[in-house]
Amino acid sequence: VTVNTTSGKATCQVTYATAGPHSIVATYSGDTNFAGSHSATLNQVVNKAGTSTGLQSSVNPSAPGQQVTYTATVSPVPDGGTVAFTDNSSTITNCGSVTVNTTSGKATCQVTYATAGPHSIQATYSGDTNFAGSPSTTLNQVVSQSVAVTHTALQSSANPSATGAPVTYTATVSPTPDGGTMAFTDGGVGISGCGAVAVNTSTGQATCQATYATAGSHSIQASYSGDTDFDASPSN
């Protein structure tokens, strides 16, 4: 590089593709009137590029059984590295080391939650030789309970019935729930032994037997308690 004869300077421009240290020395060649010389070593350090990691959920709140996709986006787009997804600081299964796409800077994690509840999600970029690692902020994923609306029907095995003859009341919940109990009442008063009859989770039915010693009318109602997945409902 030619030395400027006014300023005594010569310049060199370099762009480094990778991070790392460089030991730079400038050596003057000298000429007929000036002796050559070299500089002391200059320790040039090329640092990793800083990054930031964003995090998004495909659906929030979500429902039990619904698939949720978490997408982490690293910027600027790095040339390698992985992202670790955690839920309440615990690594999400199969999402502990997801490769970052070097075109989009994205990494994804798919999760399906079986039950309702909150989840604190974070994505952490590992960094690589040229890009520094970075964590996302915490994303608060809410899995809301999806409660099915139910209908309860009530039937009698014999109506009218005779004194001393057993009568079976059958309550049927639809759609068929996965739990809960049935309370049978007569004129608003609980029928003995029928205050909390388990609902059959295959048929949706619960039964109550009563025997009346005297003639008369009875106003019978069956009320389904509901559970975490199915709403409560009374019969007519």
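It should be emphasised that the depicted structure is a prediction, and the values quoted were computed from it without experimental measurement.

### What about the state of the cysteines?
Alright, step 1. Per the stated rule, a full pass over the model turns up two disulfides.
Alright, step 2. Paired by a disulfide, C95 and C109 hold their sulfur atoms 2.1 Å apart. Here the S-S torsion is close to 90°, and the disulfide linking C95 with C109 is therefore right-handed. Note that C95 is positioned in the loop between strand 8 (90-91) and strand 9 (98-99) and C109 in strand 10 (residues 106-112), a separation of 14 residues in sequence. The same class applies to C95 as to C109, namely buried.
Alright, step 3. Each sulfur in the disulfide pair C194 and C208 lies 2.1 Å from the other. Here the S-S torsion is close to 90°, and the disulfide linking C194 with C208 is therefore right-handed. Here C208 lies in strand 19 (residues 205-211) and C194 lies in the loop between strand 17 (189-190) and strand 18 (197-198), a separation of 14 residues in the sequence.
Alright, step 4. Given a relative accessible area of 4%, C194 falls into the buried group.
Alright, step 5. Within the chain, bonded cysteines paired by disulfides and numbered along the sequence follow the pattern 1-2, 3-4.

### What to know about the environment of G127
Alright, step 1. For G127, the location among the structural elements is in the loop between strand 11 (117-125) and strand 12 (134-135).
Alright, step 2. The class of G127 is buried, set by a relative accessible area of 13%.
Alright, step 3. Through-space distance from the C-alpha of G127 to that of T82 is 7.2 Å; in sequence the pair is 45 residues apart.
Alright, step 4. Residues within four places of G127 in sequence aside, it is in contact with G81, A132 and G133.

### Comments concerning the nonpolar core
Alright, step 1. If you look at the biggest cluster of nonpolar residues, it comprises 21 residues, and the most contacted ones within it are Y70, V83, F85 and I92.
Alright, step 2. Sorting the residues of this core by element identifies strand 6 (67-75), strand 7 (82-87), strand 10, strand 11 and strand 13 (139-143) as the ones contributing at least two each.
Alright, step 3. Considering every element that reaches this core, the biggest residue donor is strand 6, with four residues.
Alright, step 4. Core analysis: the second largest hydrophobic core is formed by 18 residues, V167, F184, C194 and Y224 among them.

Rules used in this analysis
- Throughout this document, residue positions are counted from 1 along each chain, in the order its sequence is written.
- Side-chain atom pairs in this predicted model are given and counted only at pLDDT of 80 or more, local residue features only at pLDDT of at least 70, and totals for whole chains, interfaces and linings cover all residues.
- Neither water nor hydrogens contribute to the side-chain values; these are computed over all heavy atoms in the structure.
- Two cysteine sulfur atoms make up a disulfide if the distance between them is within 2.5 Å.
- The secondary structure listing takes helices from DSSP runs of H or I that are at least 4 residues long and strands from runs of E that are at least 2 residues long, numbered from the N terminus.
- Only protein chains enter the area calculation, which uses a 1.4 Å probe; residues under 20% of their type maximum are buried, those over 50% are exposed, and those in between are partly exposed.
- Two residues qualify as a contact provided that any one of their heavy atoms is within 4.5 Å of a heavy atom in the partner residue.
- As used in this record, nonpolar core signifies buried Ala, Val, Leu, Ile, Met, Phe, Trp, Tyr and Cys residues forming a set joined through side-chain atoms within 4.5 Å.

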